[in-house]
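# Residue-level structural notes
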Amino acid sequence: MKWIHAKDSHEMSRLAAEFMIQEVKKQPSMVLGLATGGTPVGTYQELIRDARENGTSYKAITTFNLDEYVGLAGTHPNSYRYFMQQQLFEHIDLPIEQTYLPNGEAKDLMAECQRYEELIARHGGIDLQLLGIGTNGHIGFNEPGTSFQSTTHVVTLTKDTREANARFFTSLEEVPTHAITMGIATIMKSKRILLLASGEEKADILYQLALGEVDEKVPASILKQHPDVTIIADTVALRRVKEQELCGLR
Ligand code: F6R
């Protein structure tokens, strides 16, 4: 894993966007894996700014998001489809029909998971997957204990995750109880992975990721076995890692 130390969340977003833009320019028809949550928002803003100022084109790009809530229509303001439309898709020249998220409204959720997995494979797999990380080490909605062999599947959201995400809803009751997520094996098949982390609340999990064993109790720990992972994290998120003077951080 390559660790890049950003001064703050702005620098993290700028460096992440530069990384992604470079890949898009090298391979204009690449398959990008995208994430929601608070962490990538600044990166998406940087991508939008760059597209406006420098004309970077996403016309031939295909995107697959990590996850989607079960039971929310794409037009629901809390769905991840809606989030992606607002935060990125509507502001760049990426054709909407080339953007994929699991369908959380599918009648047969198991079939939907299989369809999503096959769709990714049919596109030749994900070239670059963007990831955030939960404070418990989750990636996508793969909570601690999820099998490293898992492919796209339906998850029951933990109380902690529902509470953490309740900030985007008017009440905890409104937060869906289930979601569809790419599995850990799905994520690991990506050719390159870019994981972002910012904020003090990520300091403990980054420390565990840097120092700990590969263990299903910490889903992100499997990334240590991936041949091409870059982590861009800001100073506060790296506080505990840096205390250990690990990883030849720059
Ligand atoms: C989002 C996702 C989640 C988030 C994680 C961190 O699509 O898959 O794993 O990346 O929960 O969330 P934030 O960025 O809000 O701290």
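This text goes with the structure placed above it.
Residues numbered from 1 in each chain as written. Predicted model: local features only at pLDDT ≥ 70, side-chain atom pairs only at ≥ 80, totals over all residues. Heavy atoms only, no water.

Helix H2 (residues 41–54) packs onto helix H1 (residues 9–26) with a crossing angle of 55° between their chain directions and a minimal axis gap of 8 Å. Taken together, the axis directions place H1 and H2 in an arrangement best described as oblique. With respect to the hand of their crossing, H1 and H2 are arranged in right-handed fashion. Residue-level inspection shows Ser13, Arg14, Ala16, Ala17, Met20 and Ile21 of H1 in contact with H2, the latter providing Gly42, Thr43, Glu46, Leu47 and Asp50. (Axes fitted to C-alpha atoms, helices over the stretch in contact; angles between N-to-C directions. Helix = DSSP H or I, 4+ residues; strand = E, 2+ residues; numbered from the N terminus. Parallel < 35°, antiparallel > 145°, perpendicular 65-115°, else oblique. Left-handed = near helix turned anticlockwise from the far one by under 90°. Contact = heavy atoms within 4.5 Å.)

Turning next to the pattern of salt bridges. Applying the stated criterion across every chain yields a total of 15 salt bridges. A salt bridge links Arg239 to Glu243, with the nearest nitrogen and oxygen atoms 3.3 Å apart. One end of the pair is Arg239 and the other is Glu243, both in helix H8 (residues 239–243) and 4 residues apart, which spans about a single turn. Via salt bridges that share partners, Glu23, Lys26, Arg192 and Asp228 belong to a single interconnected network. (Salt bridge = Lys/Arg side-chain N within 4 Å of Asp/Glu carboxyl O.)

What follows deals with the sheet that holds strand S3 (residues 62–65). The strand order across the open sheet built from 7 strands is S1-S10-S9-S6-S2-S3-S5, with neighbouring strands paired in parallel fashion. Only two strands of the sheet have a single neighbouring strand rather than two, namely strand S1 (2–6) and strand S5 (99–100). Of the strand pairs in this sheet, strand S2 (residues 31–34) and strand S6 (residues 128–131) are connected by 2 bridges, and their pairing is parallel. Across the sheet, residue Leu32 finds its bridge partner in S6, namely Leu128. In the packing of helix H4 (residues 109–122) onto the sheet, contacts are made with S3 and S5, and the angle to S3 comes to roughly 150°. (Pairing = 2+ DSSP bridges.)

By size, the foremost hydrophobic cluster in this structure holds 42 residues, and its most contacted members are Tyr58, Leu88, Leu194 and Ile232. Taken together, the elements giving at least two residues each to this core come down to S1, H1, S2, H2, helix H3 (80–87), S6 and strand S9 (192–197). It is H1 that provides the largest number of residues to this core, a total of 8 residues. Apart from the residues within four sequence positions on either side, Leu88 is in contact with Leu34, Tyr44, Leu47 and Ile48. (Core = buried A, V, L, I, M, F, W, Y, C linked by side-chain atoms within 4.5 Å. Buried < 20%, exposed > 50% of the residue type's maximum accessible area, 1.4 Å probe, protein only.)

Of the two faces of S6, the one holding Leu128 and Leu130 and the one holding Gln129 and Leu131 are both buried throughout. Inspection of the sheet shows S6 paired to S9 by 4 bridges, in the parallel sense. From the neighbouring strand, Gln129 faces S9, where its bridge partner is Ile193.

Moving on: the site of the ligand. Looking at the ligand, there are 15 residues lining it, with Thr39, Asp67, His138, Gly140 and Lys202 nearest. Thr36 has a polar side-chain atom sitting 2.8 Å from an oxygen atom of the ligand. Contact between the ligand and Gly140: an oxygen atom at 2.7 Å from a main-chain N or O atom of the residue. Burial of the ligand by the protein amounts to 87% of the accessible area it has alone, namely 410 Å². The class makeup of the residues in the shell around the ligand is 4 nonpolar, 8 polar and 3 charged. (Near = heavy atom within 4 Å. Polar contact = N/O pair within 3.5 Å; in protein donor to acceptor, adjacent residues only side chain to side chain. Areas by Shrake-Rupley, 256 points an atom, 1.4 Å probe, with all protein chains shown as cover. Nonpolar A, V, L, I, M, F, W, Y, C, P; charged D, E, K, R; others polar.)

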